[in-house]
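# Residue-level structural notes
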2 protein chains.
Amino acid sequence: MRPAIRAEIITIGDEILFGQISDTNTQWIGAELTSIGIRPIRKTSVGDNAEDILSALQEASQRADLVLITGGLGPTKDDITKQTLCRFFSTELVINEQALELITGFFAKRGRAMTELNRQQAALPTNCTYLENRWGTAPAMWFEQEGTVFISMPGVPFEMKSLMENVILPRLRTYYNPPVILHRIIHTVGIGESFLAEHIEAWEDSLPDHIRLAYLPHLGQVRLRLTATGSNRDTLTNELAYEVERVMPLINKYVFGFDNDTLEEVVGRELVAQGATLGTAESCTGGYVAHRLTSIAGSSRYFLGSVVSYDNAVKTRTLGVPEEVLQQQGAVSEQTVKEMAERVRVLLGTTYSISTSGIAGPDGGSEEKPVGTVWIACATPTQTVTRLLKLGGNRLHNIQLTATYALNLLREQLVKIDEKPQIVHQQ
Amino acid sequence: MRPAIRAEIITIGDEILFGQISDTNTQWIGAELTSIGIRPIRKTSVGDNAEDILSALQEASQRADLVLITGGLGPTKDDITKQTLCRFFSTELVINEQALELITGFFAKRGRAMTELNRQQAALPTNCTYLENRWGTAPAMWFEQEGTVFISMPGVPFEMKSLMENVILPRLRTYYNPPVILHRIIHTVGIGESFLAEHIEAWEDSLPDHIRLAYLPHLGQVRLRLTATGSNRDTLTNELAYEVERVMPLINKYVFGFDNDTLEEVVGRELVAQGATLGTAESCTGGYVAHRLTSIAGSSRYFLGSVVSYDNAVKTRTLGVPEEVLQQQGAVSEQTVKEMAERVRVLLGTTYSISTSGIAGPDGGSEEKPVGTVWIACATPTQTVTRLLKLGGNRLHNIQLTATYALNLLREQLVKIDEKPQIVHQQ
C-alpha cells in the first residue's frame, strides 16, 4: 500500500496566536483533506512575523508532501505572507494581469470603489500558479518545490472554503490520487466517555489493526470515530459497516446518528418522515433550541416557531401559563415546563413541542435550586414527558447542554425510547 | 527591556487534525497568556501518535520558555500523552496518592461508580509536580527541564479553563513575573477592512514602533487591535489611550465598543442605563438574535422575550401581522418587518423591539428576492426604522450577519445615530 499523502496546515496571524479570533478554518480544512484521503499530520499557527513564518515553512517542507497556508493576504500593512513566500522561494512580487482583472471586476460588480491597496493584492510571487478567487479580493497561489506542494489561501473563512471546494480540492484529487482513509462516526448522547468505554471494551479490543477507535466527548455527546486505512474503498467500507453492526447492539439506545448527522438534523428528518411539526417555548435557553433547529436548511417544513418566554410575564400573558403555577412552583419547576410545552403546542398548532426553564447562571441560584438546575419537557399528541437536569456552573455550557438534552428528549419521543433515567447529571 | 516569555501551545488528538472537533482551547489559552504578558509564538496540533508528539515537544523545547500541552489525558486507550511524556523525560508512571484521592472523591461526590480506567488516571510521570484538578478526573502536570516549563492539561474545555484560571495562571504569574504587553481593541461594524484602512491611514503610519496595529474582520465587524510592548504598564496604558483618542474622531460612527465588548453586551448596557426593555420577532434568524442577547449574564433585566415566527401562520396568529400585508408584500418585505417589530413590541410590552425576515438560503430565493435578501426593523417608542440587507449565499453566515446588523440597528437607535446607508452589502 502506498503511504498516505502527509499534509501540514499553517495559519498565519497574530490574532490567532493571541486568541483574538477563533480559528475555524483549520478544523474545516482537516476534515476536507481527510475526506479525500490526505492525512493531516500537523497544524501550526505562527504570528505576522517573517522569521516565524519562514521557519514554519522550512520545517513543514521537510515533513510533509503538501503544505496549506492560510492568512496574511489581506490588503493592509500587517499582512506579510506574500513577501515572506517570496523570500522562501527566492523570488519577487509582480502584478498578475489575470488576478488584477478579477479584482477589478469584483469591485465593479459590487459598485464599490477600488483602492491602491486592493490593486496591490494582484501582485504575486513570480513562481506561483495563480488560483482564481472569485469570492474575494485576496489571491490564492500554488507552488511546487522539491516534491512538496505549497498552497497559500486567504484566511477569510468564506473565501477559503469557496476556494477549497471549487478550485483546490479538485486539483489536489487529480494531482495526488491519494490512498484510501475512511471514517465512520457514531454519535451518542446521554452517556459519559468512561461508561461508554466499559460497554464496548471487548469489541474495542477485537478491532483489527488497520481500524482505529477514538472517543470524542463534547457537550453531553460522545462521538465514536472509527478510522480505517487501506487500499480498497469497497473493502474498507464493508469492514467499517461490519464493525458498526457489531457495536450497535451494545449502545443502541444512546446512538442518535452517524457521520455528519447532528441531533437537530436527525430530529428534523424524523419530523418530516412523520409529517409532523414542532414548536418551542424557551426560558433559560433563550432561543438557542430554535436557533439550532433553524440552522438546518429546509427546517421551515417542520419548525413553525417559538415563544422565548424569558420574562415571567411572557410565560403568563403570551403562553398562558397560570399565575398560580409560577407563584406556587416557581418558574424553574416541572409543572411550569409542562405548562409551557403544552400551551405552546396549542398556541402554535404543532404536533410536538419542547420547553426549557432553568437557572443558567452565573446568578439566580439558591440552595434548593442551584445554578444548573433545569427542567425540560416535551409535549406530544398523547402525553407530556419531563426531565430534571443537574448541570454545572458555566452559563453558555448550561444553555448548550440544555438544548442538546431537550432535542434528545424529543428524539426519544419521536422514536419511542422510554427507558432513560429521570435525572441527568452533567457529562 | 527584558525579552518576553515565549510560549508554545501543543494540542494532541487525531480528532483535531482530522477536523472532527473544533479546537476552542488554544484561542482561549492564547488570550489568557497574552493578558498576563506571556507571548504565544506558536501553536501546534499533532495526532495521537508518540513520534509526532515527541518531535513537537522537542522542537518546542528549543524555541520556547513555556510549553502548554492539552489533550490525550482521557481514560481511554487512544490517550497516550502521559506515556509519551514519560519517554520524553525518560521516566515512568506511578500512582500519585494525592491524585487518586481527588479522583475517588470526584466520583463519590457525584454518586457515580469508578472504573479501573479512572483509577489509572492517577498514574503520573515521577518527575512531575501534580496540579490539582478539582473539575474532572484527568490530571494536570508541571515539569521543568533545562530552563523550559512544560504543563500538561486535559483537553476538555471546561476542565482546562478551570485549571488555568484557578491553578496554572496564578502559578505562571509568580514564576515568570513577565514583561508588559498591552492590547486595546476597537470594535467597528458596518464598514469594510479596506475602507477602514483608508480612513485611518495617516494615523496608522504615525504609530510609534512599539505599538502595532492589526485589522481583524469577522462577520460584518472589523476589530482594530493595538498591541503595545514595553516595561511600564502605566506608560503603555497612557500611550494606548492617547492613540485611541487620536483615531476615534476618524471612525466614531462605526465604533460600538472596546476590548472585550460584544454588540449584545453594549446594547444590553445601554438598555439598562435607559431603564428600557427589549423583545424580538424573528423569522429568518430563527431565535439567534434572542440567543445572542440571552448569552449575556444578567440579560433578564432588559430582555423580556421573543416570538420566533418562522411560519407565516405564527406571524399572523401570534404576532397579528395582517394577512393582506403578507399576501401583498410577501413575508420578506419592509412592511412585514415593520409590522413584526411594532406588534411584538406591544405584545411583549417592551420599550424597543427588533425584527428580521429574509431568505437565509440555500433555497427559497427568486430573481426579485435572491438568497441573502433580508429586511430588518427596529421599533422604538417614537418610530420604526427599517433596513434592507443584501447578503451572500451561505445560510449560517446570513443568519449571523443579520443578527449583527439587527443588533447594530438597535444600537443606532439607542445612541441616536441616524446617518447610515439604507442598503448594506455583505462585508
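Structure report, in brief. (Residues numbered from 1 in each chain as written. Chains lettered and ligands numbered in written order. Predicted model: local features only at pLDDT ≥ 70, side-chain atom pairs only at ≥ 80, totals over all residues.)

## Points about the pairing of strand β8 (residues 148-153) of chain B
Residue and element names in this part refer to chain B. Our working definition: A pair of strands counts as paired when DSSP detects no fewer than two bridges linking them. Numbering goes from the N terminus for both helices and strands, where a helix is a DSSP run of H or I of at least four residues and a strand is a run of E of at least two.
Both strand β3 (residues 66-70) and β8 contribute to a ladder of five bridges, which runs parallel. Note on β8: the bridge partner recorded for Leu68 is Ile151. When strand β7 (residues 140-145) meets β8, the two strands line up antiparallel, connected through five bridges. Each residue of the ladder has a partner; that of Met141, found in β8, is Ser152. Counting the residues that bridge the hairpin from β7 to β8 gives two residues, and of these Glu146 lies at a positive phi of roughly 45°.

## A look at the interface of chain B and chain A
The line we're drawing: By the criterion used throughout, residues are in contact when their C-beta atoms, derived from the backbone, lie within 7 Å. Gly falls in the polar group here, along with every residue not listed as nonpolar (Ala, Val, Leu, Ile, Met, Phe, Trp, Tyr, Cys, Pro) or charged (Asp, Glu, Lys, Arg).
With 79 residues of chain B at the interface, the matching set in chain A holds 81 residues. It is strand β2 (residues 38-46) of chain B that provides the largest number of residues to the side of chain B that touches chain A, a total of seven residues. Residue classes in the side of chain B that touches chain A are distributed as 33 nonpolar, 30 polar and 16 charged. Sheet analysis places strand β2 (residues 38-46) of chain A next to β2 of chain B, joined by five bridges and oriented antiparallel. For Thr44 of chain A, the partnering residue across the bridge sits in β2 of chain B and is Thr44 of chain B.

## Quick look at the sheet that holds β7 of chain B
Two modes of strand pairing occur in sheets, parallel and antiparallel, and in both the strands are linked by backbone hydrogen bonds. Stated formally: All axes here are fitted lines through C-alpha atoms, helices being fitted over the stretch that makes contact, and every angle between N-to-C directions spans 0 to 180 degrees.
What the 12 strands build is an open sheet, ordered β6(A)-β7(A)-β8(A)-β3(A)-β1(A)-β2(A)-β2(B)-β1(B)-β3(B)-β8(B)-β7(B)-β6(B); its pairing is mixed. Edge positions in the sheet fall to β6 (129-131) of chain A together with β6 (129-131) of chain B, since each has one partner strand and no second. Within this sheet the neighbouring strands show an average axis-to-axis angle of 20°, counted without direction. Looking at chain direction, strand β1 (residues 5-12) of chain A and β2 of chain A are connected through eight bridges and run parallel. Across the sheet, Ala7 of chain A pairs through a bridge with Pro40 of chain A, a residue of β2 of chain A.

## Here's the deal with the relation of the copies chain B and chain A
Rules: Alignment of the copies relies on least squares applied to C-alpha atoms, considering only residues that score at least 70 for pLDDT in both.
The two copies are related by a screw motion: chain B maps onto chain A through a turn of 180° and a shift of 0.0 Å along the axis, at an RMSD of 0.0 Å. In symmetry terms, the pair is related by a two-fold rotation axis. The share of interface residues of chain B whose copies in chain A are also at the interface is 100%, consistent with both copies meeting through the same surface.

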